Amino acid sequence: MHALVRKKIGLAIALVIALAVGVYALKSDVLRPVTATRDFNGKSFRLLVVGDPFANALQVASAELAKRSGARINIEVVGYNDVRRLILQNATDAQSEYDVVSFDVVWTGEFATAKALSPLRMNRAPELDAQDFLPLAMQQSRVGHDQLGLPIEPHPELLWMRTDLLAQAGLAAPTTTDDLLAVAKALMRPREGRYGLCWNGQRGQALGQQMAHFYGAFGQPLLDAAGRPTLDTPRALAAARFAQALLAVSPPDILAMAWDQRTRAFAKGACAMTYEWAARSYLAEQDPASVVAGKVTYLPAPHAKGEQSLTPLGTWSLGVPANLGARHDDVEQFLFWLSEPAQQRLLAHAGNGGMPRMTLLDDKQLISRYPAFPVVSKLSRDHALSDLMRPGVPQWSGLAELMGTVFHDMLSGNLTPEAAIALAQTRALQLFAAPAVP
């Protein structure tokens, strides 16, 4: 089956599961009565969002959000590459088709260059409590002094681990990349359909982002202080060899596996561990088909021996298109309202497992539903979250794509690790030398 078709099917399945789980949870939880803090009666807002847990939560909670605000809220959900393309396309129109858009913070540099988003006037948001957001997530949504968005789903890529299998084997949880390989090998049971580790091996963006994280685990930023690519260093070579070594403990279809596929494989018991974003934990903990619910621990991303422990933080933020015209003030106020603590709590109950607010990450009621929350909170307070492996530069999408192409060729046996990092560096230098497209 073509990778694009698999991805769209996977997105549809994940949406169905998340919506079902979110509706049940929203009906089950006792929410505090909340009245609107803004008057949006008779107004309508169109949201363009990616198909991630926060989007599922917005759909589940849309009726309650409309009741609280008095507004009509229309939500359009699209795939990862599509949301970027539509936002850039929308920026070239005289009038924006969308009021609020979601963006991966790695696109901030690109969107700033394209003037796709309007800087938010934070002094007009007295009830926002901006200090409560994860500091790094707020920083990631900023270019220079311009706050281009507000975090809606910041979540680190953690190592998910089966606690029952770990206990049965009498093993300690892995903290280094060497530990990870050893534990994965020990927990391999291929005849029983269980492999050691799942991760993003699919060609293109999926593997490119995974390789960027592996670079980070080996202490190698993708860019130096001057913004020049650094993909061919000794640490880069070690990261490439680590990815190659993972093949021996991974499922046979690992080179076709991406975000949702790895989580579903883990949830059905097909792998003992997986790299995965924290916000997707509902697929393991709340999906009735999961065989691992209540048997998962969430760990910081393993690092190479001698390197600093830094866990990649990916963040989805909500922003306001720059070409809204006369609607700009109303839309900006709606975004501020949507980002306030009361609405964020509603979205957490509706299924957003990537909370942007520290107070909600520490909420005991929510922790019982999202066991990864304390891990995220601690990593943030310990300054152990990082985006060095996910630089928000205009060339990010091209950089991730080329890494996902070159290293897929390496993992397919067509390039040595040495040749792969050299080719990746050559192509990255060409990418960064090309004139920016406004």
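A few points on the structure. (Residues numbered from 1 in each chain as written. Predicted model: local features only at pLDDT ≥ 70, side-chain atom pairs only at ≥ 80, totals over all residues. Heavy atoms only, no water.)

### Re the nonpolar core
Formed by 133 residues in total, the largest nonpolar core has its most connected members in Tyr215 and Phe407. Among the elements that line this core, the one with the most residues is helix 18 (residues 396-411), at nine residues. For Tyr215, the contacting residues outside a window of four places in its chain are Gln220, Leu222, Thr230, Leu231, Ala236, Ala239, Met403, Phe407 and Ile421. (Core = buried A, V, L, I, M, F, W, Y, C linked by side-chain atoms within 4.5 Å. Buried < 20%, exposed > 50% of the residue type's maximum accessible area, 1.4 Å probe, protein only. Helix = DSSP H or I, 4+ residues; strand = E, 2+ residues; numbered from the N terminus. Contact = heavy atoms within 4.5 Å.)

### Describing the pairing of strand 1 (residues 44-50)
Burial analysis of strand 1 places five of its seven residues in the buried class, which makes it a mostly covered element. As paired elements, strand 1 and strand 2 (residues 72-78) share seven bridges and run parallel to each other. Bridge assignment links Leu47 to a residue of strand 2, and that residue is Ile75. (Pairing = 2+ DSSP bridges.)

### Observations regarding the packing of helix 10 (residues 234-246) against helix 18
At their nearest, the axes of helix 10 and helix 18 sit 10 Å apart, and the two run at 55 degrees to each other. As judged from the angle between their axes, helix 10 and helix 18 are oblique. Regarding helix 10 and helix 18, the two cross each other, and that crossing is right-handed. Residue-level inspection shows Ala240, Ala243 and Gln244 of helix 10 in contact with helix 18, the latter providing Phe407, Met410 and Leu411. Each residue belonging to the contact of helix 10 with helix 18 can be placed in one class, and the counts come to five nonpolar, one polar and no charged. (Axes fitted to C-alpha atoms, helices over the stretch in contact; angles between N-to-C directions. Parallel < 35°, antiparallel > 145°, perpendicular 65-115°, else oblique. Left-handed = near helix turned anticlockwise from the far one by under 90°. Nonpolar A, V, L, I, M, F, W, Y, C, P; charged D, E, K, R; others polar.)

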